[in-house]
Each structure stands twice: as C-alpha cells, then as structure tokens.
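Summary of the model geometry
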Amino acid sequence: METLIPTINRLQEVFLTVGAEVVQLPQIVVVGSQSSGKSSVLESLVGRDFLPRGSGIVTRRPLVLQLVNVAPLQERLKNENGNGVKQNAQISYPGVKAEEWGTFLHCKNQVFTDFQEIRHEIEAETERNSGDNKGISPEPIYLKIFSPKVLNLTLVDLPGITKVPVGDQPEDIEAQVQEMILSFISNPNCLILAVSPANSDLATSDALKLAREVDTDGRRTLLVISKLDLMDAGTDALEVLLGRVIPVRLGIIGVVNRSQHDINTQKSLEDSMRDEQAYLQRHYPSLASRSGSRHLAKTLSRLLMHHIRDCLPELKTRVTMLSAQYQVRLNGYGQPVEDHSATLLQIVTKFASDYCNTIEGTARYIQTSELCGGARICYIFHETFGRTLQSIDPLGGLTELDILTAIRNATGPRPALFVPEVSFELLVKRQIKRLEEPSMRCVELVHEELQRIIQHCSSYSTQELLRFPKLHDSIVEVVTGLLRKRLPITNEMVHHLVSIELAYINTKHPDFTDAAQVSASVNSQQAEALDGGKRWKNEKVVEDRVPAAGFGSPSKGQSINLLDTAVPASRKLSAKEQRDCEIIQRLIKCYFLIVRKSIQDSVPKTVMHFLVNFVKEHLQSELVGQLYKQTLLQELLIESEDTAQQRTEVAQMLEALQKANNIICEIRETHLW
C-alpha cells in the first residue's frame, strides 16, 4: 500500500512531460475561501514554511505539491557508500547532500535546499505567468518536496474563493476562480479537502458548497476546520467537529493555524505543532487524538492510498485502451522518410494500383453511399447513355411537310414517279447526327468520373499522400494531365463513329427493310382504307381545285409554301403525297434504329479502349516518368508541418502511456491490500 502514492506521483510526472491530461490521476485538491488558512494547512503537512504569505489573494496559480518521504541524510549517505542495506536508487537520491529539498518541474535538474528560495521561486513563477497585481492563471506550478518528515501525498493548492475583484483582476474573478476549482474537483479520481474557518458559519461555507456540487454523496470530501483558536469567547467547535451540524462522510478534522504574529516572529512549525496539540488537549480533550495537523497528514495519506487502490483497475484499463488508440494513430502517420527513392516509388506504385483497383471494383475501401469508379462508369454506359439514346425519337423534329419538301427538292424540275433515294439519305443523315451529342456527353461523364477517382484514392486508399502535400498535388497534376491528353483523342474517335455512319447509308443492311416491301405495304393499307373508284375521283377533284404550290399561280391573297411550317393547316396532302411520306418515315425509322443500336454498342467500347484502359495501362509509367527524378525527390517528400507535429505529439503521448503502463504493471495485486 505504501508504494501506491509514489506510483501515482511517477505517473503524474510521465504525463506532465507531454503536457496532456488524457488520464485523470488520483490526487487531493485543497478548496477554501480566500484567507481560510489553506496554505497554513499545507505548510503544517510539510513541516516547513515555504508558501507565499500575506493579506488578500496570495495563491494565484494552482500549486501541485508532491510530498515524497525519503530516508534521513545519514542513512542515505551510508547506503551510497555501500554500507548497510542497498536501497533502490529511486528512493536513495544520490548526489543530494541535504535532509530536505524541493524541485520544480519548470526548473529541470535544479535542487532547492533552502525553503526560502522555494517561496521566492513560487512568487517569481506566479508573477511571470499571472502578472504582479493580483491576476490569476489556471496554469499549475509543479513542486516536489523530499523530506523524512512527510508522508507520501499529492495535493493541489488552489486560489481562494473570492467575491470582489482587486487590482487588475477581471470583473468576473469569482466565476473564473470557481471554474478553475470545478475543473480540478470534477475529476472523479480526486479527493476534496474542503477548508473552512471555525470563526464563520459552516452553513455559509463556499468550499462545502462547491464540493457538494460535484460530490453529491460526499464520498470524496474531507472537511478541515481551521483557526480553532480564533473563535469568539464562550463558543467552541465541538458540535461541528462531531458532525452534528453538517455531517461529512470522510470526517471532520480541526486544526490550529499559525497566527500572523507567529509568522512575523518566525516561530518554527515544530513549536506551532506542539502548541496546537496543547491547545487541543486543553479545549477539546475528547477529540485531541483525532484532530491536529499530524492526524490530518496521516488521514490524508490513508485516504489517498485507499482511493488510489479503488481507482487503479479502471486507471489501468484506461491507459491500455489509450495506448492502443494512439498506436493506431501513429501507424496512420507513418515513419519519417529515410530512403526518398524507395518511398516515392512505393507511394506512386500504391496509388496507381489503388486507382486501377477502384476502376476494377477490387479496392479495399468500397463506398456504400454512392457508386464510384468502375461501377459508376458502367452506370454511365448502360443507364445514362443507353437511356438517353433510347429516348431519342427516330422521327423527332421531322414533319410531313419537311419530308415532302425534301422529296420535291430531290426530284428537281421533274415530277417524281417514285420516292427518290436522295431524299431518304438526306433525311436519315439529319436524324443520325442527333446521336453525336449524347455520345460526346458520355465521354465527358466518364472523364469526370476518372477525375473523381483521383480524389477517392488520395482520401481513402493512400493515406501516405496526406503526409506529403506537394507529392499529392504533383500526382493529381500528372493524372489530370494524362486524362486531359486522352480526352480529345477519345472525342475525335467518337466523332468518327458518327461520321462513319453518315459516310455510307447501307440500304442493303441485313436488318434494313426493303423499300419495295415498304411501298407495297403502304399501298395495300391505303387500298383497304379507301374505296377504289371514289378514291381516284376524289383525288382528281382535289388536284383540280388545289394547284401545286410553287408551280401554279397562287390564289388571291394567299401563298402556299411547303417550307412554311407556320401554316401547315392550309395545305392538305394528296393520297400520293401521304403514301410517299409514310414510306420515307418507315425507312428512316428502320435505318435509325440500326444505327442507334450500333452507336450504343460502339461508343462504350471506344471510351474504354481510348480512355479508361489506356489510362490504366500507362498510369504508373507516366507517374514514374514525370516524378521519379533526383532533383524532385527532396522537394516532393517534404511532410506538411501539421503531419510532422502531430506524429511527434502522438509518439510522445504513446511513449508516456507505455511508461505509465509499465509503472502500473509494477504494482502487484498483493500491494493493494
């Protein structure tokens, strides 16, 4: 049990070196109103006069005080000379030729044997951080005192609770002090030493009020009644010390502080403690054995040891869990670069591999929120591009008047006996050209997805790239340049696909319906729809009454023009014209579907060959060729400042956690009881 408090002190030192409070260690926090006697209580525990004294607010920064019990000087000197039992170096402290001494964390390797110097250093360090006019600061001062007269303890002395700002203190000084105190006592692993003067009503104690806020059941609070000798004549604190006014679970201990006169006359603490014991025997004989500074020190040491014992299992679990978490973080930051050439090749090769795997669908990091890589390219080919082509109407944008105009333009000055082929080719080419725009859009969408894969790989797959921002930017630039270089080549090839279809209209295509069959089919349908004799008669009457536009004289005030689509209702097509239009429409639709099917099949193949597969095959060689240059190695592999700093911090924290784990593991189960 006696080794538990030094163990916690060692843990505290380990975590202080990295400036982090990731683990809440057991300690005793002293809380009280301003001038309630907190500093005097601490000095009585140490047995030496070393804290700044005076009126008003004196303690203006938290003071973390570690008391370490050591062997007397003669015994330590004898052990150093090899006589007697050899003790552990941890408790023999070779090289220190003093009975009692202190050390500060901010003064490394400096030993203070004069306690007046310790007081001056506390005052100087307070003024360095908090100013010289009553300002406060939450930054702690760490002091360790070694003495054969103290018990192993860890205490934190906090600024006293004040109400009114003094000097250059801010207006919200009360809130600041309370916030600072709560930040310490909210730690569930700390014991609260509440100090309240005997000459004030305990019901108005600010220390107890704050302690109750964070320790509602009172399991962590010990009450100290100070200044027992300053109570009004005829009154005593017996009821308070017996717990009949306000019960405190861990107990209530009364002490007698040194007066200002004792301090001014430099009365020793040994004499003060003798006078304190005499006063207690005289005024509180039944409680004398359970009161006083000596009993307080023993009680605090016992409580702290038992409290550490209760907290230790949870503390060990916490340290082990944090060690695993920081190890994972450190692995993510990678090791410092030693071989620049090998590192660059490794990163470039891994990026190229991840890029290709993302396209193939074999990447380690597969998104579940949206399609990515090869899956999205497949969706573009068969869903976006395919549906767009399917939605194009073969006869979209063609009216009967357009078709009839094309037929007449193709025959010249001679009336046509049959449907001219030139008109069919003219019209079908016009429709085929409509397939070029969605084909080009398909290439653009695939190009955009290949660009998105770059960011996906750098964000999810290749963590090393985040360490080297210049290398990341260079890789993005090289891949983007390769894609940009292949885009016009792919666009040109897709344009050629449409141009190839326009270059030769193959009316002998196996899937193309013969024109004679279409004509016969249309004629038979018209014959079934109209009576033979009436049809010819009606047609002749219509032809006599309505002269052909452009060949006869226009009627008065009217001009019939087939090119004028704004007045289609003024022109009624003859049966022959209707038959010709329907034949052309059927032929266009049939041939357009053949070409659309061919384009729908050939464009994805072209994009894959000229863009996707080419980039996959040449990506690594392109990256190596442009980046693997001796002049660029040092520049590209410069880590970002954030990454280097974070890796250093995480490495230090991991080292501290590993040391802490080793310290905890030194404690055997038998030491806990």
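Residues numbered from 1 in each chain as written. Predicted model: local features only at pLDDT ≥ 70, side-chain atom pairs only at ≥ 80, totals over all residues. Heavy atoms only, no water.

Overview of the sheet that holds strand E4 (residues 111–112)
- If you walk across this open sheet you meet the nine strands as E4-E3-E5-E2-E6-E1-E7-E8-E9, and the pairing is mixed. In the strand order of this sheet, the two ends are held by E4 and strand E9 (252–254), each with one partner.
- Strand direction decides the pairing type here: strand E1 (residues 27–32) and strand E6 (residues 153–157), joined by three bridges, are parallel. Bridging across to E6, Ile 28 finds its partner in Leu 155.
- Packing against the sheet, helix H7 (residues 206–214) makes contact with E1, strand E7 (190–197) and strand E8 (221–226), and its axis sits at approximately 155° to E7. (Pairing = 2+ DSSP bridges. Helix = DSSP H or I, 4+ residues; strand = E, 2+ residues; numbered from the N terminus. Contact = heavy atoms within 4.5 Å. Axes fitted to C-alpha atoms, helices over the stretch in contact; angles between N-to-C directions.)

Let's talk about the side chain of Ser 39
- Along the chain, Ser 39 turns up in helix H2 (residues 38–46).
- Apart from the residues within four sequence positions on either side, Ser 39 is in contact with Leu 51, Thr 59 and Asp 157.

Brief notes about the pattern of salt bridges
- Evaluated as defined, the whole model comprises 20 salt bridges.
- A salt bridge links Glu 100 to Arg 48; its shortest N-O distance comes to 2.4 Å. One end of the pair, Glu 100, is in the loop between helix H4 (89–92) and strand E3 (101–104); the other, Arg 48, is in the loop between H2 and strand E2 (63–69), and 52 residues separate them in sequence.
- Ionic contacts of the salt-bridge type, sharing partners, join the residues Arg 61, Glu 121, Glu 125 and Arg 128 into one network. (Salt bridge = Lys/Arg side-chain N within 4 Å of Asp/Glu carboxyl O.)

Details of the packing of aromatic side chains
- In the structure shown here, the tally under the stated rule is four aromatic pairs.
- Both rings, one in Trp 101 and one in Phe 146, keep their centres 4.9 Å apart while their planes meet at 15°; by these two values the pair is stacked. With Trp 101 in strand E3 and Phe 146 in strand E5 (residues 141–147), this residue pair connects regions lying 45 residues apart in the sequence. The burial state of Trp 101 is the same as that of Phe 146; both residues are buried.
- Ring geometry for Phe 104 versus Phe 112: centroids 5.3 Å apart, planes at 90°, classification edge-to-face. (Phe/Tyr/Trp six-rings, centres within 6.5 Å; stacked < 30°, edge-to-face > 60°. Buried < 20%, exposed > 50% of the residue type's maximum accessible area, 1.4 Å probe, protein only.)

Let's talk about H7
- Residues of H7 that are buried include every one of Asp 206, Ala 207, Leu 208, Leu 210 and Ala 211, and no others.
- Elements that come into contact with the buried residues of H7 comprise E1, helix H6 (173–185), E7 and E8.
- The N-terminus of H7 is capped by Ser 205, whose side-chain oxygen sits 3.5 Å from the backbone nitrogen of Ala 207. (Polar contact = N/O pair within 3.5 Å; in protein donor to acceptor, adjacent residues only side chain to side chain.)

Structural notes on the packing of helix H11 (residues 293–333) against helix H23 (residues 641–665)
- Taken N-terminus to C-terminus, the directions of H11 and H23 make an angle of 150°; their axes are 9 Å apart at the nearest point. Classed by the angle they form, the pair H11 and H23 counts as roughly antiparallel. Every pair of crossing elements has a handedness; the one defined by H11 and H23 is left-handed.
- Across the contact of H11 with H23, the residue classes tally to 14 nonpolar, seven polar and three charged. (Parallel < 35°, antiparallel > 145°, perpendicular 65-115°, else oblique. Left-handed = near helix turned anticlockwise from the far one by under 90°. Nonpolar A, V, L, I, M, F, W, Y, C, P; charged D, E, K, R; others polar.)

Focus: helix H10 (residues 269–283)
- Between its terminal C-alpha atoms H10 stretches 21 Å, which fits the 21 Å expected from 15 residues at 1.5 Å a residue.
- Turning to H10, its buried residues number three or more, namely Leu 269, Ser 272, Met 273, Glu 276, Tyr 279 and Leu 280. Down the axis of H10, the buried side of the element spans an arc of 120°, and every buried residue falls inside it. For H10, exposure combined with an orientation more than 90 degrees from the buried face picks out Arg 274 and Arg 282. (Expected span 1.5 Å × (residues − 1). Arc of directions from axis to C-beta.)

Re the confidence of the model for the chain
- Here the chain averages 79 in pLDDT, and 81% of its residues register 70 or above.
- Taken element by element, the predicted model of the chain shows its lowest mean pLDDT in H4 (44) and its highest in helix H18 (residues 469–503) (92).
- When the criterion is pLDDT under 50, residues 84–91 qualifies, and its contacts beyond four places in sequence or with other chains add up to seven contacts.
- Of the regions scoring below 50 in pLDDT, residues 545–563 engages in 15 contacts with residues more than four places distant in sequence or in other chains. (pLDDT = per-residue confidence, 0-100.)

Some words on the environment of Gln 260
- Among the structural elements, Gln 260 can be located in helix H9 (residues 260–264).
- Residue classification places Gln 260 among the partly exposed residues on the basis of a relative accessible area of 45%.
- Each C-alpha atom of the pair Gln 260 and Arg 53 lies 9.2 Å from the other, and the pair is 207 residues apart in sequence.

A few points about the environment of Gln 110
- Relative to the helices and strands, Gln 110 resides in the loop between E3 and E4.
- The partly exposed category is assigned to Gln 110, whose relative accessible area is 39%.
- Other than its neighbours up to four places away in sequence, Gln 110 contacts Gly 102 and Thr 103.

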